[in-house]
Structure formats: structure tokens, C-alpha cells
Amino acid sequence: MRLILGTHRIPAGGAWLVLALLAGPAAAQRAKAPAPAGKPVPEKVVTCGALSNLRILMAETGGDPAAIRTRLADPKADHLGCTRTGRDRIEGNAERVVVGGTAYDCLKVKESSLCRWTPSGVPAEPP
């Protein structure tokens, strides 16, 4: 059996691949789950201009929020283009990627045409 899309013929088994590719963007746009009731939501989130710099910051601080705050507060430290961004400046999610099983979001920030990377609040789905 063959499925015809436009002028291209796709083997029946390939139809699943097409459906999976079409469903991928929709899955990335799912609404985020609200924060757990017992865990307070921080007023600011760590964001970086480049995903690679965010990953370096997380590796060097062990992802410890106190260590990240201390590093970003030190004017002599290398901030790697990272900062703490207020939640009131975040307009939404522009992009989401999963690298090595860890999910990252690129957030739209007010008064900026570039998104800023942060660890995702939504766990990565297993492959």
C-alpha cells in the first residue's frame, strides 16, 4: 500500500514518519504544567543569549541556584552573556530543544528581538 501526498509517493511505513514529523512541532507547543503547589516560583529566571553558554554556566555551577546567583552578582565574574530576567519581561516561549535528555526553552523577552535560553520547566519526553 502507498500513500500519495501531493505528487510524491510515500511507502505505507513512511506515512508514520510523516505523521511523526508533523506532530513534533505541535508537541513542542503544549502548554506547560503549572509549578507544584509546595514549590515557590522565583521572581527571576536565569537566561543566556546562547544555549552553549547556558550549558557551560549550568555545568560550572552544578545548576545550584545559589551558586548561579552569586556568580551573576559578582561584577568580576564571567557571566557568559547570562543574566537573571524578571518574569514580568517574559512574553512566552519561542523555541524548545532537548539536548542530551535535558530540555531547554528559548524565551521571548520584552524589548528584544532575540530569545534567551533557560532550562525548561517541563521535563524532556523520553525518546
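Residues numbered from 1 in each chain as written. Predicted model: local features only at pLDDT ≥ 70, side-chain atom pairs only at ≥ 80, totals over all residues. Heavy atoms only, no water.

Examining the overall build of the protein
- Counting its secondary structure elements, the protein contains three helices and seven strands.
- Mapped from its N terminus to its C terminus, the protein presents α and β elements in the order β-β-α-β-α-α-β-β-β-β.
- The burial tally for the protein puts 22% of its 127 residues in the buried class.
- The contacts of the protein with a sequence gap of at least 6 include a subset with a gap of at least 24, amounting to 44%. (Helix = DSSP H or I, 4+ residues; strand = E, 2+ residues; numbered from the N terminus. Buried < 20%, exposed > 50% of the residue type's maximum accessible area, 1.4 Å probe, protein only. Contact = heavy atoms within 4.5 Å.)

So, the nonpolar core
- With 13 residues, the main nonpolar core has V46, L54, L57, I68, C82 and W117 as its most contacted residues.
- The greatest single-element share of this core, amounting to four residues, is contributed by helix α2 (residues 51-61).
- The residues contacting C82, other than those within four sequence positions of it, are T47, C48, N53, L54, L57, L72 and R116. (Core = buried A, V, L, I, M, F, W, Y, C linked by side-chain atoms within 4.5 Å.)

Here we look at α2
- Where α2 is concerned, the buried positions are L51, L54, L57, M58 and T61. Angular distribution of buried residues about the axis of α2 spans 120°; they occupy a single face of the element. The exposed residues of α2 that point more than 90 degrees off its buried face are A59 and E60.
- Lining the buried residues of α2 we find β3 (44-48), α3 (65-73), β4 (82-86), β5 (90-99), β6 (102-109) and β7 (116-119).
- Two residues or fewer after α2 comes G62, characterised by a positive phi angle close to 70°. (Arc of directions from axis to C-beta.)

Thoughts on the pattern of salt bridges
- Following the criterion strictly, the structure yields two salt bridges and no others.
- For the salt bridge of R71 with E60, the shortest nitrogen-to-oxygen distance reads 2.6 Å. Note that R71 is positioned in helix α3 and E60 in helix α2, a separation of eleven residues in sequence.
- Taking relative accessible area as the criterion, R71 reaches 17% and is therefore assigned buried. (Salt bridge = Lys/Arg side-chain N within 4 Å of Asp/Glu carboxyl O.)

Details of the confidence of the model for the protein
- Taken as a whole, the protein shows an average pLDDT of 78; of its residues, 65% reach a score of 70 or greater.
- This model gives residues 1-8 a pLDDT under 50, and the stretch forms 13 contacts once residues within four places in sequence are excluded.
- The low-confidence segment residues 14-34, where pLDDT is below 50, has ten contacts with residues more than four positions distant or belonging to other chains. (pLDDT = per-residue confidence, 0-100.)

Here's the deal with the pairing of β7
- Here β6 runs beside β7; their pairing, made up of four bridges, is antiparallel. The residue bridging C106 from the neighbouring strand is W117, located in β7.
- Taken together, β6 and the strand that follows it, β7, pair antiparallel across an intervening segment of six residues, in which E111 is found at a positive phi of about 60°. (Pairing = 2+ DSSP bridges.)

A word on the environment of C82
- Among the secondary structure elements, C82 is positioned in strand β4.
- Here C82 falls in the buried class, since its relative accessible area comes to 6%.
- A C-alpha to C-alpha distance of 5.5 Å links C82 and T47, two positions 35 residues apart in sequence.

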